[in-house]
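Breakdown of the fold
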Amino acid sequence: MSMRTLPLVFINLGGEMLYILDQRLQTQNTADDNTQKVMNDIIATMFSKAFMEELLKPQDLYSNRALRTVLTRLAHASIMRLNPASMDRLYELMVMAFKYQLLLCPRPRDLLIISYNHIDAIREFVRDTPSVLNQVDETHRKIIEVYTPLSDGEFQLLRQTLLIFLQDMHVRVSLFLKDKVQNPNGRFALSTTGPVPHGTEVPGLIRMFSSNGKEWKRWEFPTGGSYTSSIRVGSFERFGDRVTRIGTNMYSVTQPEETHTSKSYSQKANSEPNPLAKEELNLLARLLGGMKVQNRNTETGFRVNLFATDQEEEEAGASGANGDQSFQVINIQATQDVQVNTELARIAGEFTGEPEQTESPEGPSNKGDDLLAMMDELIEL
Amino acid sequence: MYHKEKSIQMKSSASALYNNLSVLRIAPRSLTYFTVVHANMVNMVSASWDGLNYSHRQLQSKEANVATSSSLIMQAAWCVLPSRDILVLTSQKGIQMYESDGSIMVYWHALDTPETQTAQAVFARGIAAVREKYICVGISSGSMLVFDVPIKGSNITLSEVLEEHKESITDLASECSGSLECIADMVSADDSGNLCVWKSGEDFQLLNKIPGFDMSCSSVKLWKGTVVAGYGTGQIRLYEAVTGIVHAEVNAHARWIYSLDIAPFSGLLLSAAEDSLVRVWHLTMTPETNSVEVTSQTIPGRNLTTPRTHRQTLTASLPLSPSRSCTCITSV
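Everything numeric here is computed off the predicted structure, so don't read it as measured data.

**A few points about the overall build of chain B**
The number of helices and strands found in chain B is zero helices and 29 strands. Out of the 332 residues belonging to chain B, those deemed buried represent 65%. Long-range contacts, defined as pairs at least 24 residues apart, comprise 49% of the intrachain contacts of chain B with a sequence gap of at least 6. In the structure as shown, chain B presents an accessible area of about 11700 Å², 49% of it carried by carbon and sulfur atoms.

This is the structure we're talking about:
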């Protein structure tokens, strides 16, 4: 399907991730310095030139597994740490929010506005760090350049590709349930009121024309909804009033408990062996290789909990793994006969720019293990 | 005018694709087949008319050298020809054709994929059976493939490639009224809203080109020489096929129309859109013009998007909905 999904996927999912992390960091009373550092590190990684260039290449959407891996890596691009249970919940929240935004999108082209809302917020997060701000601006320029010429049909194809990718995710999000936009079974409820999208007429009119083009009759029919005419279009430029609130931070005005999720059905994770695993690994290798290695402090960093208490997080971690083994990505396990291609070995080598560089230069060292473990998981599954 | 029948549960949800539900009624066996696309699979259910027996089957998309394919399917539709019914699946990789119950694949056509990845997506979409022996399939490049189908067997051949559209094909439709007097046999629609009207034969002939207004036409039907087209703006327009004269314009939906269907004998038209509503219209043909009257019934659903008809039956499916069910509405 669409070959242009990845940049928008990462901007929107990454944006949602930042909203959630920001909210959790505030709730946990994290020091301002640390919060700012986490945000800067993640945003700098996400909007790095290499990363974005890789995403902008025309390619199919990644598999769920691959996408999840890269997003997990992104979340750990700073000193912040997340337990598997918290990472699971973070991913669910991000994805369900994006799915909701996709469904609500008035016109397929408005997916760009939603993306720009995310970029605007990200710009705000790093407004005091000129170097990162520059990267965000540069990326925004590139996105405008690449996506503005696409037709409505191409945007719809892009949107359909994403909806199909997300169609089996039905995690309930307490914020959505509370606002009644999500039903208890996890499906979203669409409204039949409100303004129609720009370019659409309010339903209700039938017009008949004669063969010379003159209208000879018109009548109205009951619509079963209450629609109003469209409002003005948001700005597709780098700056401007986006008009719609879809894609803005919905956590900024909510209570801390609103980052609750629960699965409504046991979700069948796609556990079929992926025949394109090798291709994906190569893609991942290039992508992760493009991520700037952050200067990791020698301190162990601090943990962020997506749950209300540590105990909840533990319980979630213990019980939440049903059917989702494919998502336990942060397992450090002994690598056995891993077939590491040269690219991966090189990347693993890059990550070992730490004091413990005493291992042999050929094999991967401790720090590269988790990266390889991820690859390992991908090969096995 | 019509009534709602029992709902049928599909095995998994329907994907967000145009024209996603296809129906085949098999009168001799009192069965109806339904297909709905789910990502790289097609869910098929065969339902007995007494509502007592349901049997499910799944078909996978195919790739040339791979056992299991993750290639996404764009559309599945039955092509009803005088001598046989063929189930056609179109995907990112190619076109598969099966015997009507989905048991045997009789033909596989691989799409040309460029060596290096381009930004242009490659897929097949838009399926129609035309006259006695043709099956036409649209391609993302705007071309249309015309296949010649023998009375039986798998000796299906590519007869012609029609190059008229410049944008991706969205839907194809053949004249469904059963009338042999109609000059136009097929209409094709694309992503910029352009419509082409064709006459079939050894060489297909372009009868007319109806310009779009840069708004994607996602679903199209041809009935008694009238083109019924559904657009991304939520509008439905009726044109006289060979002249392109606009008969009617309906501000039907508040969102993108995903599917249209017509019950040929009663002239009932069903439209379904992303606004989660299904609307039923009545088309009446007067000698010179077509008039469109709307029935008083709107069927609210949770995102109904893909109706299909076969003879008198109008059907709508509910993708992304809680019940994953297929609603069959039979017109009386």
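**As for the interface of chain B and chain A**
Counting residues at the interface gives 57 residues for chain B, matched by 51 residues for chain A. The junction of chain B with chain A conceals about 4400 Å² of combined surface from both sides, 56% of it contributed by carbon and sulfur atoms. Inspection of the region where chain B meets chain A yields two salt bridges. Between E274 of chain B and R159 of chain A there is a salt bridge whose closest N-O contact spans 2.7 Å. The tally of links from chain B across to chain A stands at 15 residue pairs in polar contact (both at pLDDT 80 or more). As judged from the three bridges shared by strand β4 (residues 205–209) of chain A and strand β22 (residues 246–251) of chain B, these two strands associate in the antiparallel manner. Across the sheet, residue M208 of chain A finds its bridge partner in β22 of chain B, namely A248 of chain B.

**A short note on the packing of aromatic side chains**
Inspection of every chain in the model, using the stated rule, returns ten aromatic pairs over all chains. Three or more aromatic residues joined by ring pairs form one cluster here, namely Y100, F176 and F188 of chain A.

**Things to note about the pattern of salt bridges**
Per the counting criterion, the structure on display carries 24 salt bridges over all chains. In this structure, the salt-bridge partner of D191 of chain B is R125 of chain B, at a minimum N-O distance of 4.0 Å. Here D191 of chain B, found in the loop between β16 (186–190) and β17 (195–199), pairs with R125 of chain B, found in strand β11 (residues 124–130); they are 66 residues apart in sequence, far enough to count as distant. In this pair, the class of D191 of chain B matches that of R125 of chain B, namely buried. Here the residues in one salt-bridge network are D120, R123, D137, R238 and R242 of chain A, joined through shared partners.

**Some thoughts on the sheet that holds β22 of chain B**
With respect to topology, six strands assemble into an open sheet ordered β5(A)-β4(A)-β22(B)-β21(B)-β20(B)-β19(B), the strand pairing being antiparallel. The open sheet terminates on both sides in strands that have one partner only, identified here as β5 (215–220) of chain A together with β19 (217–223) of chain B. Ignoring strand direction, the axes of neighbouring strands in this sheet form an average angle of 15 degrees.

**So, the sheet that holds strand β6 (residues 54–60) of chain B**
Residues and elements named next belong to chain B. The strand order across the open sheet formed by four strands is β3-β4-β5-β6, and the pairing between neighbours is antiparallel. Of all the strands in the sheet, the pair left with one neighbour each is β3 (21–26) and β6. Between one strand axis and the next, the sheet turns through 20 degrees on average, direction left out of account. Where strand β5 (residues 41–48) meets β6, seven bridges bridge the pair, whose relative direction is antiparallel. What sits directly across from V45, in β6, is H56.

**Points about the side chain of H109 of chain B**
Residues and elements named next belong to chain B. Assignment of secondary structure puts H109 in strand β10 (residues 105–110). Owing to a relative accessible area of 16%, H109 belongs among the buried residues under this scheme. Residues contacting H109, with those up to four places away along its chain left out, are K93, G94, I95, L145, F147 and L158.

**A closer look at the packing of helix α2 (residues 32–46) of chain A against helix α7 (residues 130–147) of chain A**
Residue and element names in this part refer to chain A. At a minimum axis separation of 9 Å, α2 and α7 run at an interaxial angle of 35 degrees. The chirality of how α2 crosses α7 is left-handed. Mapping the contact onto sequence places N40, I43 and A44 in α2 and V132, Q135 and V136 in α7.

**Quick look at the nonpolar core**
Ranked by size, the top nonpolar core spans 102 residues in total, and within it F10, I43, L90 and Y147 of chain A together with L195, V220 and V227 of chain B carry the most contacts. The next biggest cluster of nonpolar side chains, apart from the first, holds 23 residues, and it includes I26, L31, V37 and L59 of chain B.

**Side note on the state of the cysteines**
Residues and elements named next belong to chain B. Summed over all chains, the structure comprises zero disulfides over all chains. Among the cysteines around C136, which has no disulfide bond, C79 carries the closest sulfur, lying 8.7 Å off. Of all cysteine sulfurs in the structure, the one in C176 sits closest to C182, which takes part in no disulfide; the separation is 9.3 Å.

**Concerning the packing of helix α4 (residues 64–75) of chain A against helix α5 (residues 84–104) of chain A**
Residues and elements named next belong to chain A. Contact geometry of α4 with α5 gives a least axis separation of 11 Å together with a crossing angle of 115 degrees. Here α4 lies roughly perpendicular to α5, going by the angle between them. Considering only the axes of α4 and α5, their crossing is right-handed. Together, N64, L67, R68, L71, T72 and A75 of α4 and M87, D88, L90, Y91 and M94 of α5 make up the contact between the two elements. The residue makeup of the contact of α4 with α5, split by class, is seven nonpolar, two polar and two charged.

**Here we look at helix α1 (residues 6–27) of chain A**
All names here are of chain A. Spanning 22 residues, α1 covers 31 Å between terminal C-alpha atoms, matching the ideal 32 Å at 1.5 Å per step. Where burial is concerned, most of α1 is hidden: 20 out of the 22 residues are buried. At the C-terminal side of α1, N29 shows a positive phi close to 55 degrees.

**Regarding α4 of chain A**
Residues and elements named next belong to chain A. In this model, α4 (twelve residues) spans 16 Å end to end at C-alpha, consistent with the 16 Å of a helix rising 1.5 Å per residue. Within α4, eleven of the twelve residues are buried, which leaves it mostly tucked inside the rest of the structure. Of all the positions in α4, only R65, A66, L67, R68, T69, V70, L71, T72, R73, L74 and A75 are classed as buried.

**A word on the pairing of strand β4 (residues 31–38) of chain B**
Residues and elements named next belong to chain B. Burial of β4 is extensive: eight of the eight residues sit out of reach of the surface. On β4, burial covers both faces: L31, Y33, T35 and V37 on one face and T32, F34, V36 and H38 on the other are all buried. Pairing of β3 with β4 involves six bridges; the strand directions are antiparallel. Paired with R25 across the bridge in β4 is T32. Relative to β5, β4 runs antiparallel, the two being bridged by eight bridges. Note that in β5 the partner of V37 across the bridge is V42.

**Here we look at the confidence of the model for chain B**
Residue and element names in this part refer to chain B. Residue-level pLDDT values for chain B average 83, and 83% of them are 70 or greater. Looking at the elements of chain B, mean pLDDT is at its lowest for strand β27 (residues 308–310), recorded as 32, and at its highest for β16, recorded as 97. Predicted confidence for residues 301–326 stays below pLDDT 50, and this span has 135 contacts to residues more than four positions away or in other chains. Both confidence scores are given for the complex: pTM 0.82, ipTM 0.88.

Rules of the game
Residues numbered from 1 in each chain as written. Chains lettered and ligands numbered in written order. Predicted model: local features only at pLDDT ≥ 70, side-chain atom pairs only at ≥ 80, totals over all residues. Heavy atoms only, no water. Helix = DSSP H or I, 4+ residues; strand = E, 2+ residues; numbered from the N terminus. Buried < 20%, exposed > 50% of the residue type's maximum accessible area, 1.4 Å probe, protein only. Contact = heavy atoms within 4.5 Å. Areas by Shrake-Rupley, 256 points an atom, 1.4 Å probe, with all protein chains shown as cover. Buried area = accessible area lost by both parts, 1.4 Å probe. Salt bridge = Lys/Arg side-chain N within 4 Å of Asp/Glu carboxyl O. Polar contact = N/O pair within 3.5 Å; in protein donor to acceptor, adjacent residues only side chain to side chain. Pairing = 2+ DSSP bridges. Phe/Tyr/Trp six-rings, centres within 6.5 Å; stacked < 30°, edge-to-face > 60°. Axes fitted to C-alpha atoms, helices over the stretch in contact; angles between N-to-C directions. Left-handed = near helix turned anticlockwise from the far one by under 90°. Core = buried A, V, L, I, M, F, W, Y, C linked by side-chain atoms within 4.5 Å. Disulfide = S-S within 2.5 Å. Parallel < 35°, antiparallel > 145°, perpendicular 65-115°, else oblique. Nonpolar A, V, L, I, M, F, W, Y, C, P; charged D, E, K, R; others polar. Expected span 1.5 Å × (residues − 1). pLDDT = per-residue confidence, 0-100.

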